[in-house]
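Structural characterization, general
Listed below, chain by chain, are the residues.
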Amino acid sequence: MQGKRILLGVSGSIAAYKAAFLVRLLVKAGAEVRVVMTASAREFITPLTLSTLSKHPVLSEFTTTDGTGTWNNHVELGLWADVVLIAPASARTLARCAHGLADDLLSAVYLSARCPVFFAPAMDLDMYQHPATTENLRRLTSFGNRIIEAESGELASGLVGQGRMAEPERMVRVLEIFLTPENTPNPLKGAFLSENFSRENAPFRGLGVLITAGPTQEAIDPVRFISNQSTGKMGYALAAELQAVGAHVTLVSGPVALPLPHPDIRLVQVRSAQQMFEAAQAHFTNADVVILSAAVADYTPTHPADRKIKKKEAVFTIELSKTVDIAATLGQQKRPDQVLVGFALETDNELENARAKLNSKNLDLIVLNSLQDPGAGFGHDTNQVTVLDRNGGVQKIPLQSKQELAKDLVEIIAKLVSSTRVVLKS
Ligand SMILES: Cc1cc2nc3c(=O)[nH]c(=O)nc-3n(C[C@H](O)[C@H](O)[C@H](O)COP(=O)(O)O)c2cc1C
């Protein structure tokens, strides 16, 4: 966001009060913000508030009223912006933009903009569902604009349903990820954070999700084992988030010190890589989405001792054998309607290695953790990852708590699930 030029268009909706929070968050994130308001938006929130927060005069009219003949150059404003965000977008403003009416400053700026444009609609549920509005939204997306869909909940009218403008935090997040230079979204079928994801709509309702999490322990003898530093926090956060968006979650977990995030999550506790493989295999067929976040041992002692090994030899050697490659095996069995997500932790040639793993194991997405990033990886409560998809898309998700990251990953997976299903249907 640092230095990005965001032109915020505010139109006449009760949600206009949220524009103040939005401007504050955008400025705090380092963006330069200019605000254009429709005439009716000024009834809902004063230009003074938004000009103070954005540190720029707020514009509404084509010309000034001081008799000097000065005019606000809509073309310049349109060209100035890196992104135009119209939030809230009223039904009327959507209609104006969908039909190219340049009859106020905001819609003229919209027509002049060469940059990406996002609309965040806000209105009562019947207005939102009206064919006129849905048709206008469809037209706007067909022109290449992006919609940050309204959320469901209690509306200002007292009715309950979809129509509430997305929260400012969410809009900032969508823009942040959109503007990250390393991100190369594939507009057709990329697995990127979707602008029209609404958590409240329980997008995973009815879907079976299998998640593996935590480390495995490979027995050397009855008291010793080989393991790794995985705590399971990322997998458990994903399980919690997927359960919250309606999925039936089966969590196959290695030994961890974490509570089950929700009683409806089916927990299958395992210890070794072989047990994890067998449990994952048993639940694979019924899963629509499979997320392999466990840190599974690659090697296991070939001959674990029945009894505790005594300290005798100066040098003690343990023979290790390869474990089953869970991701590769499930990747071979994957049906076209299933989505398979893997995790990778790399220390060198990270992107190259992760992409090779994505392809060789027939994954749909791979989430790359880097040990080189401070605050990321094992044991931390935060994580920073890069997500690679099969279309060559690369998306870097900034450092944040594992809970917040789980939300972003679930959103990316939701988009992939819906595109997989659309492709299957057509
Ligand atoms: C109290 C109140 C709340 C309103 N809220 C909305 C709203 O949330 N969404 C919407 O599309 N219109 C809403 N309207 C109607 C718009 O303000 C009206 O259609 C206006 O002409 C929009 O103009 P604009 O798009 O140029 O800002 C509301 C009107 C009033 C009086």
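What counts as what
- Residues numbered from 1 in each chain as written.
- Predicted model: local features only at pLDDT ≥ 70, side-chain atom pairs only at ≥ 80, totals over all residues.
- Heavy atoms only, no water.
- Axes fitted to C-alpha atoms, helices over the stretch in contact; angles between N-to-C directions.
- Helix = DSSP H or I, 4+ residues; strand = E, 2+ residues; numbered from the N terminus.
- Parallel < 35°, antiparallel > 145°, perpendicular 65-115°, else oblique.
- Left-handed = near helix turned anticlockwise from the far one by under 90°.
- Contact = heavy atoms within 4.5 Å.
- Nonpolar A, V, L, I, M, F, W, Y, C, P; charged D, E, K, R; others polar.
- Domains from an automatic or database assignment.
- Buried area = accessible area lost by both parts, 1.4 Å probe.
- Salt bridge = Lys/Arg side-chain N within 4 Å of Asp/Glu carboxyl O.
- Polar contact = N/O pair within 3.5 Å; in protein donor to acceptor, adjacent residues only side chain to side chain.
- Buried < 20%, exposed > 50% of the residue type's maximum accessible area, 1.4 Å probe, protein only.
- Pairing = 2+ DSSP bridges.
- Patch = residues over 30% accessible without salt bridge, like charges linked within 9 Å, V, L, I, M, F, W, Y side chains within 5 Å.
- Areas by Shrake-Rupley, 256 points an atom, 1.4 Å probe, with all protein chains shown as cover.
- Near = heavy atom within 4 Å.
- Core = buried A, V, L, I, M, F, W, Y, C linked by side-chain atoms within 4.5 Å.
- 1 Å grid on protein atoms, 1.4 Å probe; cavity = no way out; pocket = protein on both sides within 12 Å on 5 of 7 lines; lining within 4 Å.
- Points joined across faces, edges and corners; volume = space filled by probe spheres on them.

1. Topic: the packing of helix α11 (residues 273–284) against helix α12 (residues 326–333)
α12 packs onto α11 with a crossing angle of 20 degrees between their chain directions and a minimal axis gap of 10 Å. Comparing the axis directions of α11 and α12 gives the class roughly parallel. Between α11 and α12 the crossing geometry is right-handed. Residues Ala273, Met276, Phe277, Ala280, Gln281 and Phe284 of α11 lie in contact with α12, whose contacting residues are Ile326, Thr329, Leu330 and Gln333. Classifying every residue of the contact of α11 with α12 by side-chain character gives 7 nonpolar, 3 polar and no charged.

2. Overview of the domain arrangement of the protein chain
Domain annotation of the protein chain identifies domain 1 (5–179) and domain 2 (200–309 + 320–425). The C-alpha-based centres of domain 1 and domain 2 are spaced at 39 Å. Contacts between domain 1 and domain 2 engage 7 residues on the former and 8 residues on the latter. Across the domain 1 to domain 2 interface the summed buried area is about 600 Å²; carbon plus sulfur atoms make up 37%. Sorting the residues of domain 1 by area buried against domain 2 places Ser152, Arg173 and Ile177 first, and these three jointly supply 67% of that buried surface. Inspection of the region where domain 1 meets domain 2 yields 2 salt bridges. Note that Arg170 and Glu411 form a salt bridge whose closest N and O atoms lie 3.2 Å from each other. Where domain 1 meets domain 2, there are 3 residue pairs in polar contact (both at pLDDT 80 or more). Counting residues per element, the ones that place at least two in the side of domain 1 that touches domain 2 are β6 (151–154) and α9 (168–179). If one sorts the elements of the side of domain 1 that touches domain 2 by residue count, α9 sits on top with 3 residues.

3. Describing the pattern of salt bridges
Counted by the stated rule, this structure contains 14 salt bridges. The partner of Asp221 in a salt bridge is Arg224, and the shortest N-O contact between them spans 2.5 Å. For Asp221, a relative accessible area of 2% puts it in the buried group. On the basis of relative accessible area, Arg224 is assigned to the partly exposed category, the value being 33%. Note that Lys361 and Asp325 form a salt bridge whose closest N and O atoms lie 2.8 Å from each other. Of this pair, Lys361 sits in the loop between α13 (350–360) and β17 (365–370) while Asp325 sits in the loop between β15 (320–322) and α12, and the two are 36 residues apart along the sequence. On the basis of relative accessible area, Asp325 is assigned to the partly exposed category, the value being 32%. One continuous salt-bridge network, built from bridges that share partners, spans Arg96, Asp103 and Asp104.

4. Notes on the sheet that holds strand β5 (residues 146–147)
Working definition: the strands of a sheet are paired by backbone hydrogen bonds and lie parallel or antiparallel to each other. Read from one edge to the other, the open sheet built from 5 strands follows the order β2-β1-β3-β4-β5, with strand pairing classed as parallel. The open sheet is flanked by β2 (32–37) and β5, the only strands paired with a single partner. Here helix α1 (residues 18–28) sits on the sheet in contact with β1 (5–10), β2 and β3 (83–89), set at roughly 180 degrees to β1. Relative to the sheet, helix α5 (residues 91–98) contacts β3 and β4 (117–121), its axis offset from that of β3 by approximately 140 degrees.

5. A look at a nonpolar patch on the surface
On the surface, a cluster of nonpolar side chains totalling about 360 Å² of accessible area is made up of Tyr299, Phe316, Ile318 and Leu320. As for its position among the elements, Ile318 is in the loop between β14 (299–301) and β15. Looking at Ile318, the relative accessible area reads 33%, which means it is partly exposed.

6. Topic: the site of the ligand
In the neighbourhood of the ligand, 15 residues make up the surrounding shell, with Gly12, Thr38, Ser90, Ala91 and Thr93 lying closest. Between the ligand and Ile14 there is a distance of 3.5 Å, counted from a nitrogen atom to a backbone nitrogen or oxygen. Between the ligand and Arg96 there is a distance of 3.0 Å, counted from an oxygen atom to a side-chain nitrogen or oxygen. Considering the ligand on its own, with 640 Å² of exposed area, one finds that the protein chains cover 65% of that surface. Here the element with the most residues in the shell around the ligand is α5; it accounts for 4 residues.

7. Some words on unusual backbone geometry
The linkage connecting Ala87 with the following residue, Pro88, adopts the cis geometry, with an omega of -5 degrees. With a phi close to 65 degrees, Lys55 is a non-glycine residue in the positive phi region. Tracing the backbone through its elements, the reader meets Lys55 in the loop between α3 (47–54) and α4 (74–80).

8. Here's the deal with the nonpolar core
Membership of the largest hydrophobic core comes to 36 residues, with the highest contact counts inside it found for Phe204, Ile211, Leu238, Leu242, Ile291 and Leu409. Breaking this core down by element, the ones donating at least two residues are β8 (208–213), α10 (233–244), β11 (248–253), β13 (289–292), β16 (339–346), β17, β18 (382–389) and α14 (402–425). For this core, the element with the highest residue contribution is α14, accounting for 9 residues. Once residues within four sequence positions are removed from consideration, Ile211 is found in contact with Gly235, Leu238, Ala239, Leu242, Val249, Thr250, Leu251, Val252, Ile291 and Ser293. Of all hydrophobic cores here, the second largest spans 33 residues; its members include Ala31, Val33, Ile148 and Leu179.

9. Structural notes on the layout of surface pockets
In this structure, the second largest pocket spans a volume of roughly 940 Å³. Forming the walls of the second largest pocket are 37 residues, and the residues nearest its centre are Ala294, Ala295, Val296, Phe343 and Lys357. The set of elements that each furnish at least two residues to the lining of the second largest pocket consists of β8, α10, α12 and β16. The element best represented in the lining of the second largest pocket is β16, accounting for 5 residues. For the lining of the second largest pocket, the residue count by class is 14 nonpolar, 15 polar and 8 charged.

10. Description of empty space enclosed by the protein
By the definition in use, this model includes 1 cavity of 30 Å³ or more. Of the voids in this model, the largest cavity is the one considered here, and its volume is about 40 Å³. In terms of lining residues, the largest cavity is bounded by Leu238, Ile291, Val341, Phe343, Leu365, Val367, Val387, Leu409, Ile412 and Ile413. Those elements that provide at least two residues to the lining of the largest cavity are β16, β17 and α14. No other element matches the 3 residues that α14 contributes to the lining of the largest cavity. Here the lining of the largest cavity is built from residues that sort into 10 nonpolar, no polar and no charged.

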